Amino acid sequence: KRLKKVFPVFKNLAFIRIAFHNKDLNNVTKIAKFFSNKGPKVILNLMQISQLGKTKIVKTLKVINKLNIDAFYIADSFGSLKPGYIITLSKILKKYCKFKLGFHAHDNLSLAFKNARKAIEENFTYIDSTILGMGRGAGNLKTEEIYSFLYKNDKIGIKSLEKIKNRVFKPLKKKYKWGTDKYYKFAAHHSIHPSYVQELLNNKNYTIKQATQILKSLSQIDSTKYNPENLNFYKKVNSRSNKNKIKLNDE
């Protein structure tokens, strides 16, 4: 009923992409069935792929293969994947998934471009990107990088992207400050949900020392899901200047 209310018609929709965690598989199958045969292409996007072993991935694919969808995406939610593991995942997906494949990279470890290139080599059909990597936290694969790789002879297109990047997206990045740094790299190495890093970087109530201790303590527990209760102990700390930064040992 809710879906019918939100999507009474599908006239102007080219595709619908449904992002989900593995635990939500039963619900996402119902949603996918609702959208199938209504016009738009249906794409499923499995998040936090780095946290799933082969057995869980295969079980998920066996369910998804029964659906009427157009493509299946994997998302490197923590930005922790490396090119070698893209090959491992590709072997599983090619064997057990019957749909076209897509890849959504995050740039925590500054590997989004290398991972995307590897996915292309492994015949993934869809690759997500944004200009200057615009995106939450550490950001995403940069459009200008992947475009120059795919269309290196398109000088006009490459030049146009540079103009858009410089005129529009550089001011936006300066304002909103997305992009990888040592904090997001630390989170990627320890499978810490990026929302923790965002909160620590944006909340003025954390001192340098406290923020550092929190990140290190989160690395000792299961922090793959964001739970604000894990931060409640630190809510009553003194305010700190916006200029203060968290100092972590290099990981």
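Structural data are supplied above this passage.
One structure accompanies this document, and this report is about it. Because the structure is predicted, anything quoted here is derived from the model rather than measured. (Residues numbered from 1 in each chain as written. Predicted model: local features only at pLDDT ≥ 70, side-chain atom pairs only at ≥ 80, totals over all residues. Heavy atoms only, no water.)

On to the overall build of the protein chain. Looking only at helices and strands, the protein chain features 10 helices and five strands. Relative to the 2.2 N^0.38 estimate, which gives 18 Å for 251 residues, the radius of gyration of the protein chain is 20 Å and therefore close to what a compact globule would have. Dimensions along the principal axes, computed over C-alpha positions, put the protein chain at roughly 55 × 45 × 40 Å. Within the span of the protein chain, comprising 251 residues, buried residues form 43% of the whole. Within the protein chain, contacts between residues separated by at least 24 positions form 76% of all contacts whose residues are at least 6 apart in sequence. (Helix = DSSP H or I, 4+ residues; strand = E, 2+ residues; numbered from the N terminus. Rg over C-alpha atoms; globule rule 2.2 N^0.38 Å. Buried < 20%, exposed > 50% of the residue type's maximum accessible area, 1.4 Å probe, protein only. Contact = heavy atoms within 4.5 Å.)

A positive phi is found at asparagine 123, a non-glycine position, where the angle reads about 70°. With respect to the secondary-structure elements, asparagine 123 resides in the loop between α5 (112–121) and β5 (126–127). Despite not being glycine, leucine 132 has its phi angle at roughly 60°, a positive value.

In this section: the pairing of strand β2 (residues 41–46). Burial analysis of β2 places five of its six residues in the buried class, which makes it a mostly covered element. Note that strand β1 (residues 15–20) and β2 share six bridges and pair parallel. Paired with phenylalanine 15 across the bridge in β2 is lysine 41. Where the polypeptide runs from β1 across helix α2 (residues 25–35) and back to β2, its parallel neighbour, the crossover connection is right-handed. Bridge count for β2 against strand β3 (residues 71–75) is four bridges, and the pairing is parallel. Within β3, the residue paired with leucine 46 across the bridge is isoleucine 74. With helix α3 (residues 54–64) bridging β2 and the parallel β3, this β-α-β connection has right-handed handedness. (Pairing = 2+ DSSP bridges. Right-handed = clockwise from strand over helix to strand, strands pointing away.)

Judged by pairing direction, the sheet is parallel, and its five strands sit side by side in the order β1-β2-β3-β4-β5 without closing on themselves. Among the strands making up the open sheet, the edge pair consists of β1 and β5. Direction of pairing for strand β4 (residues 100–104) relative to β5: parallel, over a ladder of two bridges. Bridge assignment links phenylalanine 103 to a residue of β5, and that residue is isoleucine 127.

Within soluble globular proteins, side chains that are nonpolar generally end up buried alongside one another. Leu44 and Phe72 are the most contacted members of the largest nonpolar core, which has 38 residues in total. Only β1, α2, β2, α3, β3, α4 (83–96), β4 and α5 provide two or more residues apiece to this core. Ranked by residues supplied to this core, first place goes to α2 with five residues. When sequence neighbours within four positions are dropped, the list of residues in contact with phenylalanine 72 reads Phe20, Leu44, Leu46, Leu61, Ile64, Leu93, Cys97, Phe99, Lys100, Leu101 and Gly102. Ranked by size, the runner-up nonpolar core spans 15 residues in total, among them Tyr183, Val197, Leu200 and Leu218. (Core = buried A, V, L, I, M, F, W, Y, C linked by side-chain atoms within 4.5 Å.)

A word on the side chain of threonine 60. Assignment of secondary structure puts threonine 60 in helix α3. Excluding residues that lie within four positions of it along the chain, threonine 60 makes contacts with Asn22, Leu25 and Leu46.

With respect to the helices and strands, threonine 207 occurs in the loop between α9 (194–202) and α10 (208–218). Sequence separation between threonine 207 and leucine 61 is 146 residues, and the spatial gap between their C-alpha atoms is 45 Å.

The next point concerns the packing of aromatic side chains. One pass over the structure, following the stated rule, counts 10 aromatic pairs. A ring pair is formed by phenylalanine 34 and phenylalanine 35, whose centres lie 5.1 Å apart and whose planes are at 75°; its orientation type is edge-to-face. Since its relative accessible area comes to 15%, phenylalanine 34 is described here as buried. Seen from their ring centres, tyrosine 147 and tyrosine 151 are 4.8 Å apart, and the 45° between their planes marks the pair as tilted. Tyrosine 151 sits in the partly exposed class, given a relative accessible area of 45%. A connected cluster of aromatic rings, assembled from ring pairs, spans Phe7, Phe10, Phe34 and Phe35. The ring of tyrosine 73 is capped by arginine 17, whose NZ or CZ atom sits 3.7 Å from the centre of that ring. Above the face of the phenylalanine 34 ring, lysine 38 is positioned so that its terminal group lies 4.6 Å from the ring centre. (Phe/Tyr/Trp six-rings, centres within 6.5 Å; stacked < 30°, edge-to-face > 60°. Lys NZ or Arg CZ within 6 Å of the ring centre and 35° of its normal.)

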